[in-house]
Amino acid sequence: MHHPVDSGELEAGIRAAVESLRGATTVAVLTGAGISAESGLATFRGAGGLWEGQRVEDVATPFAFRRDPALVWRFYHQRRAALRAARPNPGHYALARLERHFGAPRFTLITQNVDGLHQVAGSERVLEIHGSLRRTRCTRCGQVREQGTEPLPELPHCPACGGLLRPDVVWFHEPLPERVWAEAESATTRCSVFLVVGTSAVVYPAAGLIETARLAGAVVIESNLVPSAAGHLVDIGLYGPAGQVLPRLVTEVWGPA
Ligand code: BV8
Ligand code: ZN
């Protein structure tokens, strides 16, 4: 159920956000599952955070994979299958346009999403801090492979060493990829505008970037259906579907696509 979008509030928010973007030297964006909701992909908190009655935090873990790799792979086979039918929505395209306008050094897109839709929409530099459903990693030799969204065997094994493959995603209790995370933190401390899109701001350390941006003096803009757990850190709230709000924002700043 969408938060009743108060168009007066939203209009005022968009005007303020346009001013901030027009004056921005550098922009960093953090996206979460909400930006892919209008592409038909389930969010984490949407189903009450449950998959087959289990909490995602209990399935997306190295322990669950050791205990029952077939069950964990079933979770990922289902999400990869959903990806086959998913297309970027206008929210993804608006962020790709934002990158083109600011140019690489002045714009950084950080995503918690593992669906790869930002890249399909044309975003060139995407920091995937939680990895990607479109890659596998061998648990024995470590080899990482681009697998697209093609169906994989129930328990896929490495053609090089025979080891069991895992999705190349960051599970709960696992550290984030060091270099990617360092780039995300650095871009966040340097930005003058930090745009947070479609995240409940519950999962750390990703959600901590919002506080980092604020402490670095950035203007924090949030695009969500409702204020997230980081709502108290937000300077400008744009509450409505990101697939409608983000294109409005970009069009107001640079005219129609
Ligand atoms: C770490 C990849 C330490 C996998 C993901 C207790 C026990 C164990 C750990 C912890 C604990 N307490 C805290 C922790 C740390 C834990 C954590 O934060 N847990 C949470 C649950 C409290 N974090 C970790 O474990 C991290 N690692 O801490 O390691 C360490 C350090 C060094 C050495 C060793 C260990 C790893 C976290 C990464 C987990 N992996 N994904 C997979 O995808 O299967 S997280 C997963 O959640 C996704 O990446 C997802 O992006 C992310 C966050 O969810 P959101 O994106 O925010 O999505 P959500 O559904 O929550 O919200 C959607 C939002 O969109 C909502 O606000 C909604 O209103 C909005 N929305 C909906 N529709 C729209 C919309 N907005 C706009 N328009 C719309 N149309
Ligand atoms: Zn291998």
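These lines cover the structure that appears in this document, whether it is placed above or below. Remember, it's a predicted structure, so these values are computed and weren't measured experimentally.

Criteria and cut-off values
Residues numbered from 1 in each chain as written. Chains lettered and ligands numbered in written order. Predicted model: local features only at pLDDT ≥ 70, side-chain atom pairs only at ≥ 80, totals over all residues. Heavy atoms only, no water. Helix = DSSP H or I, 4+ residues; strand = E, 2+ residues; numbered from the N terminus. Contact = heavy atoms within 4.5 Å. Donors = N, O, S within 2.8 Å, 3.2 Å for Na, K, Ca; no water. Tetrahedral: all angles 85-135°; square planar, octahedral: opposite > 155°, others 65-115°. Buried < 20%, exposed > 50% of the residue type's maximum accessible area, 1.4 Å probe, protein only. Axes fitted to C-alpha atoms, helices over the stretch in contact; angles between N-to-C directions. Parallel < 35°, antiparallel > 145°, perpendicular 65-115°, else oblique. Left-handed = near helix turned anticlockwise from the far one by under 90°. Nonpolar A, V, L, I, M, F, W, Y, C, P; charged D, E, K, R; others polar.

Some words on the side chain of Ser 36
Inspection of the secondary structure puts Ser 36 in the loop between strand E1 (27-31) and strand E2 (50-51). Among all residues touching Ser 36, those that are not within four sequence positions of it are Leu 41, Asn 89, His 92, Asn 113, Asp 115 and Leu 117.

Here we look at the coordination of the zinc ion (ligand 2)
The zinc ion (ligand 2) binds to the protein through Cys 138 (SG), Cys 141 (SG), Cys 158 (SG) and Cys 161 (SG), with metal-donor distances spanning 2.2 to 2.3 Å. One can describe the donor arrangement at the zinc ion (ligand 2) as tetrahedral, given that its four donor atoms subtend angles of 97 to 119° at the metal. Coordination of the zinc ion (ligand 2) draws on donor residues from a single chain, spaced C-x2-C-x16-C-x2-C in sequence. Taken as a pair, Cys 138 in strand E6 (residues 131-138) and Cys 158 in the loop between strand E7 (144-146) and strand E8 (165-169) lie far apart in primary sequence, 20 residues in all. In this pair, the class of Cys 138 matches that of Cys 158, namely buried.

As for the packing of helix H5 (residues 90-102) against helix H9 (residues 242-254)
Between H5 and H9, whose axes approach to 7 Å, the crossing angle comes to 30°. Considering the angle they form, H5 stands roughly parallel to H9. Between H5 and H9 lies a crossing of left-handed hand. Contact residues: H5 offers Pro 90, Gly 91, Ala 94, Leu 95, Arg 97, Leu 98, His 101 and Phe 102, while H9 offers Ala 242, Gly 243, Leu 246, Pro 247, Val 250, Thr 251 and Trp 254. Along the lines of polarity and charge, the residues of the contact of H5 with H9 split into 10 nonpolar, four polar and one charged.

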